[in-house]
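Here is what each chain is made of, one letter per residue.
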Amino acid sequence: MRNFLAPFFVLNAFFFIQSANAQTPVDTLPIIAYEKPKEYEIGGVKVTGAKFSDENTLIGVSGLKVGGKIKFPGTDIPRAIKALWKIHLFTDVQIIKTKQVGDALFFEIAVKERPTLSTYTYNGVKKGDHDDLNHIVNRFLLKGSIITESGLTVASRGIEKHYKDKGFLDAKVSVQEISDPKRVNAEKLIFDVNKGGKVHIKSIAFTGNAHFTDKKLRKQMDKTHQKNKLFASSKLVRDDYDDDKKKIVKFYNNKGYRDAAILGDSIWRNEKGQLMVNMKVDEGKRYYFRNITWKGNSIRDTSTLSQVLGINKGDVYNTELLENRLKFSQDGRDVSSLYMDYGYLFFNIEPTEIAIVGDSVDLEMRIYEGPQATIDKVTIKGNDRTHDHVIRRELRTLPGDKFSRAEIIRSQREIINLGYFNQEALGINTPVNPQRGTVDIEYKVEEKPSDQLELSAGFGGYGVVGTLGVSFNNFSTRNLFNKKAWSPLPQGDGQRLSIRAQSNGKYFQSYTASFTEPWLGGKKPNSLTTSLAYTKYSQGVTGLLSDNYIGILQGSVSLGTRLKWPDDNFISTTAFEYQNISVNNYPGFFAGISQGDFNSVSISQTFLRSSISEPTFPKSGSKISLTLQASPPYSYLNNLFGNKVNYADLTVQDKFRWVEFYKWRFGAEWYTQIAGKLVLKTSAKLGSLGYYNPAVGYSIFGRYVLGGDGLANRQIGLTGKELLSLRGYETTDLPANNDAQGNQTGGTTFAKYSTELRYPVSLNPSSTIYVLAFADGGNVWDSFSKFRPFDLRRSAGIGLRVFLPMFGTLGFDYGIGFDKPDKYPSTKLGDYARFSIILGFEPE
């Protein structure tokens, strides 16, 4: 409207001049002939009414430059007024001639500024929506700034779009401008939001689809669904809808229909206001691969390339498969890896259709092999806490080496597995110098919190037990005396220090500490771990030296090294462990023992191969381990050196004064990305405890307890037993966990199998959240002769995990145990189900 008034500005200027002349004696101003414009000099310009706008800026916008020329009357004044209107800061603009001195004219730019924004609020929406709406409004209207019509319009449209993206397609927003009496020239804004009802997609239908049903095509749409699809949103978001149409075309292309297209679509509302969607599809005909030839390959022979490509004459023409097999395949089976892993960074391959005969396509693979590239510089950016050498020692890309894509991917995985960096923000740049045949590699990392604090309380076997623990996972001992490196503790060298205490006061106390140096000596990946723990159970008498107690002191030292054979995913760990268990007037804890002093010395050897993608939420890879542990065969050694002892006649206290045993344990986990972010985890764990001398028999220590999890069972693990959770079951639900007198002795052999479907809700490094559905099966036996690997106690259920860097893993499982004969014939779900809480650690 204001621009529409521009033709009248000349007339307005006439009245403004007359108004000015009325205030000045007539004999002091020369007579101007308006029908004959004359050129004047601009003698001066001043601005009035501008409290928030810069006067010099406004004069510059008007174009009225002091010393410049102006035709008056003429179009210069209307043009200046129009320029000032265009900046949308004023409700009124006037340019007045104030005086004339000879051929010089003096002007006043009189403006009335638009009001500033005092505050704003909303009507018609929940308070929970205010944060989202504030984010939208703040992009266009800031408190204290001038309110413009364009700002009001785009803010209102932004709010409407916000609700339309949520399915409220009829959302409307209007704005009330109310003067703020507490501030000069300021207004309050009220956004009146009328969301209307949510509009759902009633139907998505197709025409022209002869080879695939409507249902099959709808499955290709990730975010656009009709209302009857279970657990799926049925709103229409235009950008998502356009992406889903491309996915339908891609689906056809991957099925051989290379000419498929969506010719058009129609969207309308039925009588109930619901959306009806119809897409017209042109499938075209199905194509097949025929002859595939190679051109430009000299380093790799044609047969090798064809074998890796794995596409044969007569196979359905699949563009996605072709691209994956040529450029990048998740399983490493692609042609480019034959070159990129051996330094040929400049390698390129272009599949070219050279002939289409009927329904068959001939392809020529045009290869540019190029020269090999050498790594020049390797740089790391973004690590403000972790020292460079901690990252560099994990890298497989070193200056002077030939470029290798596989080694870059492996280096990326090793950096993520350190646990110090945000895996979503990890970036890799490879600037190339073609003239020198070199490439630089730049790793960009983003630090995330890695230390953990455990502060919890729970009800265990000894009442309410409090836990306080800290784990510093990026510790630095060399900076202990460097005050500048404390933040709040010295960090950055990748060492791990853990201290933990549990107690309920009278009955139970436990203290543990451990330290790990992952690169002993700093030159090779040889890790050294030491740990020390003391646990005490008493019968209600406070103090470490009460008369009725069990005291367990244990310490260990382990040395690990990364192997190069069979591949460098293998780690070997050798550990020495000593444990002393003192029982003093504490009946029934170990198979009825109330008195005794027991010692256990053992050496264990573990071989572990891990190729998991990252530790918090693995999407691919596997972890397989085998552990062998053994104590010296004291009974045979005694007899060998002439100290004949009939162990069958000894008391339990004497028989196990020096515990002898051997045991083995096997574990395997596999992670497979099923579709999108959905991940399948499968695992198997088996273990067995054995003895050297039948007269001694199975050790009463080091046995397996299967079932349950949580705080109470962690205490079981502190008594020389190994705990393995079995969701849906208490430890009392498995007979072999207990002896005939009801003492929890544990079994000597176990088997456990598990499958989990995991879906991430958030992969943010500050809070990784995922939901899961599981099925478990496991059992424990009191001797290896009774071991039946498929005689299992089965369960299934759901769970939630939240990983917080500061607190570790938090979550719950709700499992239903199907094999509880003692519960039959009960029909109550509570008799078969068990709710478990996970605090700070993930049960085995």
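Everything numeric in this text was worked out from a predicted model, so none of it was measured. (Residues numbered from 1 in each chain as written. Predicted model: local features only at pLDDT ≥ 70, side-chain atom pairs only at ≥ 80, totals over all residues. Heavy atoms only, no water.)

Engineer: Go over the overall build of the chain, please, and point to the residues and values.
Structural biologist: Regarding its fold elements, the chain presents 16 helices and 35 strands. Expressed as a percentage of contacts within the chain between residues at least 6 apart in sequence, the contacts between residues at least 24 apart total 60%. (Helix = DSSP H or I, 4+ residues; strand = E, 2+ residues; numbered from the N terminus. Contact = heavy atoms within 4.5 Å.)

Engineer: Quick rundown of the sheet that holds strand β9 (residues 261-269)? Include the residues and the values.
Structural biologist: One key point about sheets: their strands pair by backbone hydrogen bonds, in either a parallel or an antiparallel sense. Pairing is mixed across the open sheet formed by three strands, whose spatial order is β8-β10-β9. Each having just a single partner strand, β8 (201-207) and β9 make up the two edges of the open sheet. Within this sheet the neighbouring strands show an average axis-to-axis angle of 15°, counted without direction. Each of β8, β9 and β10 (275-282) touches helix α7 (residues 238-254); the most contacted strand, β9, lies at about 145° to it. (Pairing = 2+ DSSP bridges. Axes fitted to C-alpha atoms, helices over the stretch in contact; angles between N-to-C directions.)

Engineer: Account for the environment of leucine 726, with residues named and values stated.
Structural biologist: Inspection of the secondary structure puts leucine 726 in the loop between β30 (722-724) and β31 (749-764). Along the backbone, leucine 726 and proline 843 are 117 residues apart, and their C-alpha atoms lie at a distance of 9.2 Å. When residues no more than four places from it in sequence are discounted, the contact partners of leucine 726 are Leu706, Gly707, Gly708, Leu734, Asp776, Gly777, Gly778 and Arg793.

Engineer: Explain helix α8 (residues 302-309) residue by residue, including any values.
Structural biologist: Buried within α8 we find Leu305, Val308 and Leu309. Buried residues of α8, seen end-on, are gathered within an arc of 100° and therefore sit on one face of the element. Exposed residues pointing more than 90 degrees away from the buried face of α8 are listed as Ser303 and Gln307. Considering only its buried residues, α8 is in contact with β11 (288-295), α9 (319-326), α10 (337-340) and β13 (360-368). Just downstream of α8 lies glycine 310, where phi reads positive at about 65°. (Buried < 20%, exposed > 50% of the residue type's maximum accessible area, 1.4 Å probe, protein only. Arc of directions from axis to C-beta.)

Engineer: So what about the confidence of the model for the chain? Which residues, and what values?
Structural biologist: Do not read the predicted coordinates in detail wherever pLDDT is low. When pLDDT is averaged along the chain, the result is 85; 89% of the residues meet or exceed 70. The low-confidence segment residues 1-30, where pLDDT is below 50, has 29 contacts with residues more than four positions distant or belonging to other chains. Counted against residues more than four places away or in other chains, residues 710-718, with its pLDDT under 50, gives 35 contacts. (pLDDT = per-residue confidence, 0-100.)

Engineer: Tell me about a nonpolar patch on the surface, residues and numbers included.
Structural biologist: A cluster of nonpolar side chains, Leu626, Leu628, Trp664 and Phe784, forms an exposed patch at the surface whose accessible area comes to about 360 Å². By the secondary structure assignment, leucine 628 is in strand β26 (residues 621-630). (Patch = residues over 30% accessible without salt bridge, like charges linked within 9 Å, V, L, I, M, F, W, Y side chains within 5 Å. Areas by Shrake-Rupley, 256 points an atom, 1.4 Å probe, with all protein chains shown as cover. Salt bridge = Lys/Arg side-chain N within 4 Å of Asp/Glu carboxyl O.)

Engineer: An account of the environment of lysine 381 is needed here, citing residue identities and associated values.
Structural biologist: Mapped onto the elements, lysine 381 comes out in strand β14 (residues 374-381). According to the relative accessible area criterion, lysine 381 is partly exposed, its value standing at 44%. In this structure, the C-alpha to C-alpha distance between lysine 381 and glutamate 442, residues 61 residues apart in sequence, is 7.5 Å. Beyond its immediate sequence surroundings of up to four residues, lysine 381 is in contact with Glu442, Tyr443, Lys444 and Val445. Engagement of the side chain of lysine 381 in a polar contact is seen with the side chain of glutamate 442, the distance being 3.0 Å. (Polar contact = N/O pair within 3.5 Å; in protein donor to acceptor, adjacent residues only side chain to side chain.)

Engineer: Quick one: what's the story with the sheet that holds strand β6 (residues 172-179), residue by residue and with numbers?
Structural biologist: A sheet is described by the order of its strands in space; here three strands give the open sequence β5-β7-β6, paired in mixed fashion. Lying at the two open borders of the sheet, with one neighbouring strand each, are β5 (116-123) and β6. Looking at each pair of strands side by side, their axes are set apart by 25° on average, direction ignored. Bridge analysis of β5 against strand β7 (residues 186-194) gives seven bridges, and the strand direction is parallel. Residue pairing in the sheet places leucine 117 in a bridge with glutamate 187 of β7. Taken strand by strand, helix α4 (residues 130-137) contacts β5 and β7, and its axis lies near 145° from that of β5. Seen against the sheet, helix α5 (residues 149-164) touches β5, β6 and β7 and runs at an angle of roughly 140° to β6.

Engineer: With reference to specific residues and values, describe the side chain of serine 622.
Structural biologist: Note on placement: serine 622 falls in strand β26. The buried category is assigned to serine 622, whose relative accessible area is 11%. Setting aside its immediate chain neighbours within four residues, serine 622 contacts Arg609, Ser610, Ser611, Ile612, Glu669 and Trp670.

Engineer: So what about α9? Which residues, and what values?
Structural biologist: Those residues of α9 that fall on the buried side of the exposure criterion are Leu322, Arg325 and Leu326. The arc that holds every buried residue of α9, seen down its axis, measures 95°, which confines them to one face. Buried residues in α9 make contact with β11, α8, β12 (348-357) and β13. At the N-terminal end of α9, a side-chain oxygen is found 3.1 Å from the backbone nitrogen of glutamate 320, two or three residues along, and the residue is asparagine 318.

Engineer: So, the pattern of salt bridges: which residues are in play, and what are the values?
Structural biologist: Scanning the entire structure with this criterion turns up 38 salt bridges. For aspartate 165, the salt bridge identified is with lysine 161, shortest N-O distance 2.9 Å. Owing to a relative accessible area of 25%, aspartate 165 belongs among the partly exposed residues under this scheme. Owing to a relative accessible area of 48%, lysine 161 belongs among the partly exposed residues under this scheme. Among the ionic pairs, glutamate 722 bridges to arginine 665, the shortest N-O distance being 2.6 Å. Here glutamate 722, found in strand β30, pairs with arginine 665, found in strand β27 (residues 662-675); they are 57 residues apart in sequence, far enough to count as distant.

Engineer: How would you summarise unusual backbone geometry if you had to cite specific residues and measurements?
Structural biologist: With an omega of -10°, the peptide bond running from phenylalanine 72 to proline 73 counts as cis. Mapped onto the elements of the fold, proline 73 is located in the loop between β2 (69-72) and α3 (76-86). Phi is positive for asparagine 185, which is not a glycine, with a value near 50°. Tracing the backbone shows asparagine 185 in the loop between β6 and β7.

Engineer: An account of the pairing of β10 is requested, with residue identities and associated values reported.
Structural biologist: Remark: a regular strand shows side chains that alternate across the two faces of the sheet. With six of eight residues buried, β10 lies mostly within the body of the structure. The pairing of β8 with β10 spans six bridges and is parallel. In the sheet register, alanine 205 faces β10, and the bridge partner there is asparagine 278. One ladder, built from eight bridges, connects β9 with β10; its direction is antiparallel. Each residue of the ladder has a partner; that of glycine 264, found in β10, is lysine 280. Counted between consecutive antiparallel strands, the loop separating β9 from β10 contains five residues, among which glycine 273 sits at a positive phi close to 85°.

Engineer: Outline the side chain of serine 754, supporting the account with residue identities and numerical values.
Structural biologist: Within the secondary structure layout, serine 754 lies in strand β31. Taking the relative accessible area as the measure of exposure, serine 754 reaches 9% and is therefore buried. At 2.6 Å, the side chain of serine 754 forms a polar contact with the side chain of aspartate 776. Setting aside residues up to four positions removed in sequence, serine 754 forms contacts with Lys681, Thr682, Ser683, Arg727, Ala775 and Asp776.

Engineer: Before we move on, could you go through the environment of glycine 778 and cite the residues and values that matter?
Structural biologist: For glycine 778, the location among the structural elements is in strand β32 (residues 767-781). In sequence terms glycine 778 and leucine 792 are 14 residues apart; their C-alpha atoms lie 4.8 Å from each other. Discounting chain neighbours no more than four positions away, the residues touching glycine 778 are Leu706, Leu726, Ala751, Lys752, Leu792 and Arg793.

Engineer: Explain a positive patch on the surface residue by residue, including any values.
Structural biologist: The grouping of Lys215, Lys216, Lys219, Lys255 and Arg286 at the surface amounts to a positive patch. The topology assignment puts arginine 286 in the loop between β10 and β11. (Lys, Arg positive; Asp, Glu negative; His and termini not counted. Charge placed at Lys NZ, Arg CZ, Asp CG, Glu CD.)

Engineer: If you had to explain the packing of aromatic side chains to someone new, which residues and values would you point to?
Structural biologist: How two aromatic rings sit relative to each other is set out by the distance from centre to centre and by the angle between their planes. Summed over the entire model, instances satisfying the criterion amount to 25 aromatic pairs. When the ring of tyrosine 339 is compared with that of phenylalanine 347, the centres are 4.3 Å apart and the planes differ by 10°; the resulting orientation is stacked. An identical accessibility class is assigned to tyrosine 339 and phenylalanine 347; each is buried. One aromatic cluster is present, built from ring pairs that chain together Phe212, Phe251, Tyr252 and Tyr257. Its guanidinium or amino end placed over the ring of phenylalanine 106, lysine 99 lies 4.7 Å from that ring's centre, counting from NZ or CZ. Sitting over the face of the ring of phenylalanine 774, arginine 727 holds its NZ or CZ atom 3.9 Å from the ring centroid. (Phe/Tyr/Trp six-rings, centres within 6.5 Å; stacked < 30°, edge-to-face > 60°. Lys NZ or Arg CZ within 6 Å of the ring centre and 35° of its normal.)

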